[in-house]
Amino acid sequence: MGVEGCTKCIKYLLFVFNFIFWLAGGIILGVALWLRHDSQTTNILYLQLGDKQAPNTFYVGIYILIAVGAVMMFVGFLGCYGAIQESQCLLGTFFTCLVILFACEVAAGIWGFVNKDQIAKDVKQFYDQAFQQALMAESETNNGKAVVKTFHETLDCCGPNNEAGAITPLWRDDLCPKKDSMLKSFMESSNCHKKIDELFSGKLYLIGIAAIVVAVIMIFEMILSMVLCCGIRNSSVY
């Protein structure tokens, strides 16, 4: 015997929420793949300075997002099917998966909040080392110059701060993006530390908004799935 009345409304409401959850998983998966292959981050995080690789903490977070998006799509499908079939077993499994996912999301959110500035900090330290090597090294075998030029061309910046960005083109014009005139180069120089902060803070802000939206949907789904499960149990008694 199928559920009736308000419980039937909850059944279809849960189906709608699960479909939205499935779509959200697909969006997160797509955004994560876009962040993984974004030309700016890829150009910078694939760099190697001597034997030292650029910090890959950002990519660790992206791989986690890819896994989360895939799991969300699976769990969303499980919830849709469980709601339509009115299966207590599937709904119970769905609720358990949601609790685990929610706990993982809270833990990841806390870790991300604590370490939100660490990614940009590590990349800036890597850039500073390459910048120093590029300024001092005369040998072409040292790849500090190539690393710095990649930073400058990708982010359209020059030097770790405004002062260095203004002076560097006068000293080493081969390191900074070419401007139409020396005056324009002086006036429009943008420091790379600021550009690095903007690059990663913007992407982390996007991830944070997605996480909050998904968390709200998950809370509603956990409530609805338990109410529907109880409704199915009660309807089977009568």
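The sections below set out a description of the structure shown in this document. All values reported here derive from a predicted model rather than from experimental measurement. (Residues numbered from 1 in each chain as written. Predicted model: local features only at pLDDT ≥ 70, side-chain atom pairs only at ≥ 80, totals over all residues. Heavy atoms only, no water.)

1. So, helix H4 (residues 88-114)
Note on helix geometry: an α-helix contains 3.6 residues per turn, so any two residues three or four positions apart are oriented the same way. Note the following rule: Counting from the N terminus, the helices are the DSSP runs of H or I reaching at least four residues and the strands are the DSSP runs of E reaching at least two. Take the number of residues in a helix, subtract one, and multiply by 1.5 Å to get its expected span. With a 1.4 Å probe rolled over the protein chains alone, any residue whose accessible area is under 20% of its type maximum counts as buried; one over 50% counts as exposed, and the rest are partly exposed.
Here H4 is 27 residues long and its end C-alpha atoms lie 39 Å apart, about the 39 Å a rise of 1.5 Å per residue gives. For H4, every residue scored as buried is listed here: Leu91, Phe94, Leu98, Leu101 and Glu105.

2. Observations regarding the state of the cysteines
The line we're drawing: Count a disulfide wherever a pair of cysteine sulfur atoms falls within 2.5 Å.
Per the counting criterion, the structure on display carries one disulfide. Put simply, Cys157 and Cys192 are joined by a disulfide, and their sulfur atoms are 2.0 Å apart. Measuring handedness by torsion sign, the sulfur bridge of Cys157 and Cys192 sits at about 95° and is right-handed. Of this pair, Cys157 sits in the loop between helix H6 (144-155) and helix H7 (162-171) while Cys192 sits in helix H9 (residues 192-237), and the two are 35 residues apart along the sequence. Take Cys192: its relative accessible area is 0%, and that puts it in the buried class. Cys229 provides the cysteine sulfur closest to Cys230, a residue in no disulfide bond, and the two sulfurs are 6.2 Å apart.

3. Describing the packing of aromatic side chains
Spelled out, the test is: Put simply, two rings from Phe, Tyr or Trp (the six-membered ring, in Trp's case) pair if the centres are within 6.5 Å, and we call them stacked under 30 degrees between planes, edge-to-face over 60, tilted for the rest.
Applying the stated rule across the entire model yields six aromatic pairs. With centroids separated by 5.6 Å and ring planes inclined at 15°, the aromatic side chains of Phe17 and Phe220 adopt a geometry described as stacked. In this pair, Phe17 sits in helix H1 (residues 6-37) while Phe220 sits in helix H9, placing the two residues 203 residues apart along the sequence. Aromatic pair Phe19 and Trp22: ring centres 6.0 Å apart, planes at 20°, arrangement stacked. Taken together, the residues Phe19 and Trp22, both in helix H1 and three residues apart, mark about one turn of the helix.

4. A few points about the packing of helix H3 (residues 57-85) against H4
How we decide: Each axis is a line fitted through C-alpha atoms, and for a helix only the stretch in contact is used; angles between axes span 0 to 180 degrees, taken between their N-to-C directions. Angles below 35 degrees are treated as roughly parallel, those above 145 as roughly antiparallel, those between 65 and 115 as roughly perpendicular, and all remaining angles as oblique. Two helices cross in a left-handed way if the nearer one is turned anticlockwise from the farther one by less than a right angle. They cross in a right-handed way if the turn is clockwise. Here a residue-residue contact requires only that any non-hydrogen atoms of the pair lie within 4.5 Å.
Close contact between H3 and H4 brings their axes to 10 Å; oriented N to C, the two are set at 160°. It follows that H3 is roughly antiparallel to H4 by the angle criterion. When you trace H3 past H4, the crossing you get is left-handed. For the pair H3 and H4, contact is made by Thr57, Val71, Met72, Val75, Leu78, Gly79, Tyr81, Gly82 and Ala83 and by Leu90, Leu91, Thr93, Phe94, Cys97, Leu98, Leu101 and Trp111, respectively.

5. Brief notes about the environment of Val214
Topologically, Val214 is positioned in helix H9. Between the alpha carbons of Val214 and Ala24 there is a distance of 7.1 Å; along the sequence they are 190 residues apart. Aside from chain neighbours lying at most four places away, what touches Val214 is Phe21, Ala24, Ile28, Met72 and Glu105.

6. A short note on the pattern of salt bridges
When the charged atoms of two side chains lie near each other, side chains of opposite charge can form a pair. Keep this limit in mind: The salt bridge definition used is simple: a Lys or Arg side-chain nitrogen within 4 Å of an Asp or Glu carboxyl oxygen.
For the structure on display, the rule yields two salt bridges. Among the ionic pairs, Lys11 bridges to Glu86, the shortest N-O distance being 2.8 Å. Of this pair, Lys11 sits in helix H1 while Glu86 sits in the loop between H3 and H4, placing them 75 residues apart in sequence. Judged by its relative accessible area of 17%, Glu86 falls in the buried class. Its salt-bridge partner being Lys124, residue Asp197 comes within 3.2 Å of it at the nearest N-O pair. Separated by 73 residues along the polypeptide, Asp197 in helix H9 and Lys124 in helix H5 (residues 118-136) bring together distant segments of the chain.

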